[in-house]
Amino acid sequence: MLILIFLMNLGGDLKHLTSQDILYFPFRAFVPAVLLGESEGKANDQSAKTQEQPAESSLEADQGQPTQETIEIPGESGILIDSKVLDKGKEKEEKDKSKDTEKEKGKDKDGEKKGENEKEKLKGVEGTNLDALLQRLPGCVSRDLIDQLTVEFCYLNSKSSRKKLVRALFNVPRTSLELLPYYSRMVATLSTCMKDVSSMLLQMLEEEFNFLINKKDQMNIETKVRNIRFLGELCKFRVAPAGLVFICLKACLDEFTHHNIDVACNLLETCGRFLYRSPETTVRMANMLEILMRLKNVKNLDPRHSTLVENAYYLCKPPERSARVSKVRPPLHQYIRKLLFSDLDKSSIERVLRQLRKLPWSECEDYLLKCFLKVHRGKYGQIHLIASLTAGLSRYHDEFAVAVVDEVLEEIRVGLELNDYGMQQRRIAHMRFLGELYNYEHVDSSVIFETLYLIVVFGHDTPERDVLDPPEDCFRIRMVITLLDTCGHYFDRGSSRRKLDRFLLHFQRYILSKGCLPLDVEFDLQDLFADLRPNMIRYSSAEEVNAALLEHEENERHVSEKNHSERRERRSDTGKPPVRTLSNNAPSANGQRLVNGDDENGGLHEDVLDSDTDSGGSGTIEHDDEIDEETHDDEGGTDEDYDDRDAPGSDEDDEVRIRQKVANVDPEEEASFEQELKAVMQARFWITLFLESFSNIYFRAYFLRKCIS
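What counts, and at which threshold
- Residue positions are given per chain, counted from 1 along the sequence in the order it is written.
- Only residues with pLDDT of at least 70 get local features here, since the model is predicted, and only at 80 or more are side-chain atom pairs given and counted; chain-wide, interface and lining totals rely on the full set of residues.
- Water and hydrogen atoms were dropped before computing side-chain values, which therefore reflect all heavy atoms in the structure.
- To qualify as a helix, a DSSP run of H or I must reach at least 4 residues; to qualify as a strand, a run of E must reach at least 2; elements of each kind are numbered from the N terminus.
- A 1.4 Å probe rolled over the protein chains alone gives each residue an accessible area, and that area as a share of the maximum for its type sets the label: buried under 20%, exposed over 50%, partly exposed in between.
- Whether two residues touch is decided by their heavy atoms; if any such pair falls within 4.5 Å, the residues are in contact.
- Only the protein chains shown count as cover for residues, and the accessible areas themselves come from Shrake-Rupley with a 1.4 Å probe.
- Grouping buried Ala, Val, Leu, Ile, Met, Phe, Trp, Tyr and Cys residues that are joined through side-chain atoms within 4.5 Å yields what is termed a nonpolar core.
- Patches here are clusters of residues that have more than 30% relative accessible area and form no salt bridge, with a 9 Å joining cutoff for like charges and a 5 Å cutoff for nonpolar side chains (Val, Leu, Ile, Met, Phe, Trp, Tyr).
- Only one rule defines a salt bridge in this text: a Lys or Arg side-chain nitrogen within 4 Å of an Asp or Glu carboxyl oxygen.
- Positive charges come from Lys and Arg, negative ones from Asp and Glu, while His and the chain ends are left out of the count.
- Lysine's charge is taken at NZ, arginine's at CZ, aspartate's at CG and glutamate's at CD.
- Predictor confidence is given residue by residue as pLDDT, running from a minimum of 0 to a maximum of 100.
- Contacts described as polar in this section are N or O atom pairs within 3.5 Å, which, within protein, must combine one atom able to donate a hydrogen with one able to accept it, while residues neighboring in sequence count only if both atoms come from side chains.
- The convention used is that axes are lines fitted to C-alpha atoms, helices contributing only their stretch in contact, and that angles between N-to-C directions extend from 0 to 180 degrees.
- Angular relationships are summarised with four words: roughly parallel below 35 degrees, roughly antiparallel beyond 145, roughly perpendicular across 65 to 115, and oblique for the angles in between.
- Note on convention: near helix rotated counterclockwise from far helix by under a right angle means a left-handed crossing. Clockwise means right-handed.
- Classification convention: Asp, Glu, Lys, Arg as charged; Ala, Val, Leu, Ile, Met, Phe, Trp, Tyr, Cys, Pro as nonpolar; all other residues, Gly among them, as polar.
- Two cysteine sulfur atoms form a disulfide, by the criterion used here, when they sit within 2.5 Å.
- In this analysis, rings of Phe, Tyr and Trp, with Trp reduced to its six-membered ring, are considered paired at centre separations within 6.5 Å, and the interplanar angle assigns stacked below 30 degrees, edge-to-face beyond 60, and tilted for intermediate values.

In the annotation of an unreviewed UniProt entry, the protein is listed under the name MIF4G domain-containing protein and assigned to Linum tenue.

Asks: What should I look at first to understand the overall build of the protein in this one?
Replies: Each helix and strand counted, the protein has 29 helices and seven strands in total. For the protein, the proportion of its 709 residues judged to be buried stands at 37%. Long-range contacts, defined as pairs at least 24 residues apart, comprise 72% of the intrachain contacts of the protein with a sequence gap of at least 6. On the protein, roughly 44100 Å² of surface is accessible, and the fraction owed to carbon and sulfur atoms is 52%.

Asks: Quick question: what am I supposed to make of the nonpolar core here?
Replies: When a protein is soluble and globular, its nonpolar side chains tend to lie buried together. Judged by nonpolar contacts, the single largest core of 68 residues is most densely connected at Leu137, Leu234 and Phe256. Here this core gets nine residues from one element, more than from any other, and that element is helix H12 (residues 259–277). With residues up to four places along the chain from it excluded, the contact list for Leu137 reads Ile146, Leu149, Leu165, Ala168, Leu169, Tyr183 and Met186. Core analysis: the next-biggest nonpolar cluster, separate from the first, contains 67 residues, Leu359, Ile383, Leu484 and Val521 among them.

Asks: Sorry if this is basic, but what is going on with a positive patch on the surface here?
Replies: Taken together, the side chains of Lys327, Lys370, Arg377 and Arg426 make up a positively charged region of the molecular surface. Within the secondary structure layout, Lys370 lies in helix H17 (residues 361–373). According to the relative accessible area criterion, Lys370 is partly exposed, its value standing at 39%.

Asks: Help me understand helix H15 (residues 331–343) in this model?
Replies: Think of an α-helix as 3.6 residues a turn; residues three or four steps apart then line up on the same face. Those residues of H15 lying buried are Ile336, Arg337, Leu339, Leu340 and Asp343. Turning to H15, the residues buried within the fold contact helix H16 (349–357), H17 and helix H18 (383–394).

Asks: Just checking my understanding: could you explain the confidence of the model for the protein for this structure?
Replies: Interpretation of the predicted coordinates at a detailed level should be avoided for regions scoring low in pLDDT. Per-residue confidence for the protein gives a mean pLDDT of 77, with 66% of residues at or over 70. This model gives residues 40–44 a pLDDT under 50, and the stretch forms two contacts once residues within four places in sequence are excluded. When the criterion is pLDDT under 50, residues 54–86 qualifies, and its contacts beyond four places in sequence or with other chains add up to nine contacts.

Asks: In this structure, what is going on with the side chain of Arg476? I would like to understand it.
Replies: Within the secondary structure layout, Arg476 lies in helix H23 (residues 475–487). This buried residue, Arg476, is left without a salt bridge; Asp469 holds the nearest opposite charge, at 4.0 Å. Among the polar contacts listed, one links the side chain of Arg476 to the backbone oxygen of Phe458, at a separation of 2.8 Å. Not counting chain neighbours up to four residues away, the residues in contact with Arg476 comprise Leu416, Ile455, Val456, Phe458, His460, Leu468, Asp469 and Tyr510.

Asks: In this structure, what is going on with the packing of helix H8 (residues 180–190) against helix H10 (residues 221–236)? I would like to understand it.
Replies: The N-to-C vectors of H8 and H10 enclose an angle of 45°; their axes lie 9 Å apart at closest approach. The orientation of H8 with respect to H10, classified from their angle, is oblique. Judged by the twist between their axes, the crossing of H8 over H10 is right-handed. Contacts from Leu180, Pro181, Tyr183, Ser184 and Val187 in H8 reach Arg226, Arg229, Phe230, Glu233 and Leu234 in H10. Residue composition of the contact of H8 with H10, by class: six nonpolar, one polar and three charged.

Asks: Mind showing me how you'd approach a nonpolar patch on the surface here?
Replies: Among the surface-exposed residues, Phe673, Leu677 and Met681 lie close enough to one another that they form a single nonpolar patch of about 320 Å² accessible area. Among the secondary structure elements, Leu677 is positioned in helix H28 (residues 667–692). Leu677 gets classed as partly exposed once you look at its relative accessible area, which sits at 45%.

Asks: Honestly, unusual backbone geometry in this entry has me stumped. Any pointers?
Replies: Excluding glycine, residues mostly carry a negative phi; peptide bonds, for their part, are mostly trans. In this structure, Lys216 takes a positive phi of about 55° despite not being glycine. Following the sequence through the fold, Lys216 ends up in the loop between helix H9 (195–215) and H10. Taking the relative accessible area as the measure of exposure, Lys216 reaches 58% and is therefore exposed. One non-glycine residue, Arg238, lies in positive phi territory at about 60°. Structurally, the position occupied by Arg238 is in the loop between H10 and helix H11 (242–254). Under the relative-accessibility criterion, Arg238 is labelled exposed at 59%.

Asks: How should I be thinking about the state of the cysteines in this particular structure?
Replies: Every disulfide links exactly two cysteines, by a covalent bond between their sulfur atoms. Considering all chains together, one arrives at zero disulfides under this definition. With no disulfide of its own, Cys474 has Cys516 as its nearest cysteine by sulfur position, at a separation of 8.9 Å.

Asks: I'm lost on the side chain of Ser306 in this one. Help?
Replies: In this structure, Ser306 sits in helix H14 (residues 303–316). Residue class for Ser306 comes out buried when judged on its relative accessible area of 18%. Setting aside its immediate chain neighbours within four residues, Ser306 contacts Lys296 and Leu301.

Asks: Explain the pattern of salt bridges here, please?
Replies: Oppositely charged side chains can form a pair if their charged atoms are brought close together. Scanning all chains against the criterion turns up 23 salt bridges. Salt-bridge contacts for Asp343 lead to Arg351; the nearest nitrogen and oxygen are separated by 3.8 Å. A relative accessible area of 17% places Asp343 in the buried class. For Arg351, a relative accessible area of 34% gives the class partly exposed. Via salt bridges that share partners, Lys338, Asp343 and Arg351 belong to a single interconnected network.

Asks: Can you help me understand a negative patch on the surface in this one?
Replies: Together, Asp485, Asp524, Asp527 and Asp531 give the surface a local cluster of negative charge. In terms of residue count, helix H25 (residues 519–532) provides more of the negative patch than any other element does, three residues in total.

Asks: Honestly, the packing of aromatic side chains in this entry has me stumped. Any pointers?
Replies: We describe a pair of aromatic rings using the distance from one ring centre to the other and the angle between the two ring planes. In this structure the tally under the stated criterion is seven aromatic pairs. Summarising the aromatic geometry, the rings of Tyr313 and Tyr314 are spaced 5.2 Å apart at their centres and angled 80° between planes, so their arrangement reads as edge-to-face. Judged by relative accessible area, Tyr313 falls into the buried class, the value being 14%. Tyr314 gets classed as partly exposed once you look at its relative accessible area, which sits at 42%. Aromatic pair Phe372 and Phe400: ring centres 5.2 Å apart, planes at 85°, arrangement edge-to-face.

Here you go:
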């Protein structure tokens, strides 16, 4: 369809189809040929032909007129009419015609006046439309926008409009260098039909360059850079000739000092690679680059200019290097990488899990573990999906999940030992992965806190402290922030809450040892404390933190002593039987946890975080001593942070107490039972001693079987 429109605009004449028409075909396809000035020549030819035709007809009429003064009219009478009589009739006819022509001229004058008024009105409307179009130029930051603006300008095409457009393109803001490629694209598109646009712009840019280079002052560097970059962009669109660019470059190399160095480097960065790769200019550009490096070696340039020259040179002529050899992997490994790094997302995680379960684990388990640890190679937002896959595979391959956790902890420690800048992305990804593994109940809270303390204190007691954790290095702070952002919001009650409060005090002391922090790290810290502990005080000195730590330890010691005294009083009371407590994370008969008699689905982490041991979801039956210590530890707290301990779902509400019935035992029966127990224990001792004297294992088994029978 576009080809048909294009051929119609060309009038069906394929001789007018040039390489430029093919290069800028979409522009000609969407703009009528009349607006581009292509039909003017055809109209002139037609008008010339029409002028020639009446001239020829007049000549023929003159030749066909008779030269005699009298005309003989054939007829029956044979009368001869005098030529004077005919002349008088012709004069009358001419007078009548002149009157008619005068009337027509008067009408034409009135029509011309009306037409001029209409043209003035149209010019006013076009002027306002052109001003609005030129105001949209700085907002054209994409190819589609600049192409649309180019098409709209064609409907306002005139000589004055083109001059205004060139002036607006030339006056591009000196700080808006990102607009130069789009302005050059517009000029290149219009230059196929409006030759004066490119010529006027190039003349203005060349005059400005000569003025700035001859002025020889160290001012207006931004204007110089804008000018030379505009020329470079026009050169890439083949609007500016390559000779003009080489003239500008040679002028800068002849006086290779101060701003001329910046101008030359900006020109090479813009179009140097294009000229070097073009067959017709590659030799000349190579010679210019050699001259540039010679000047750099001869002159004593400052480090900034030296770096600029090297960057421009290697951008145009990069060093030769061997082609990168791609690693050949077996098809099974390629399929695993495709599942984990390409196909994995929220909607396909179940399908990926099924495909991983179908793999031959005896062959690919090691490679799967290797790919799971490369979480930094994938998307950062999909790390939780890798942790979810680990949770899903742990039901069928328990040893695989344990290996993943071990390797992640090992990678974190290796990162602390090396402290390599190139490993920072990997270390952040592993911290996020560890937090997600805790969220999916694959590690305990004790592992999280051990890792946090390891990050804060590792290497501080060694002579390599300045290498492992320099005073100005804040990357460990980022690691702690990443881990707590991932799983810290689950430490909001019970012993985990107290552990986190204690760690945050140590963390504040570590932060103060770093001195002044970067703004982004400081903002991340403010967000972290606002999310986890909005009421916690941020201390400004190490002495205040140490005093807060001492106060915190004294409170814990006081609470523990109070708990011990209460337990002694409870034990001295013989009327109370021992109390057994079923922890909130103890499994029921069907494998689910019971909280206040209700089944939980295991999705809430509050049930896991209450116990000090944090066995990762495996339940234990605790004695009265441990439970009393936990409950009274919460009740004895004095900080405002523990005001929510009586809220629904807290530690005290999640416990189910089971009291044993009091049985009345006869003292005589109890004494006889103790005597029988002592006799059995003595017999067991002698049997064990006797068995140790025999070396034959079969005889031992035979003798033991006889004794039991």
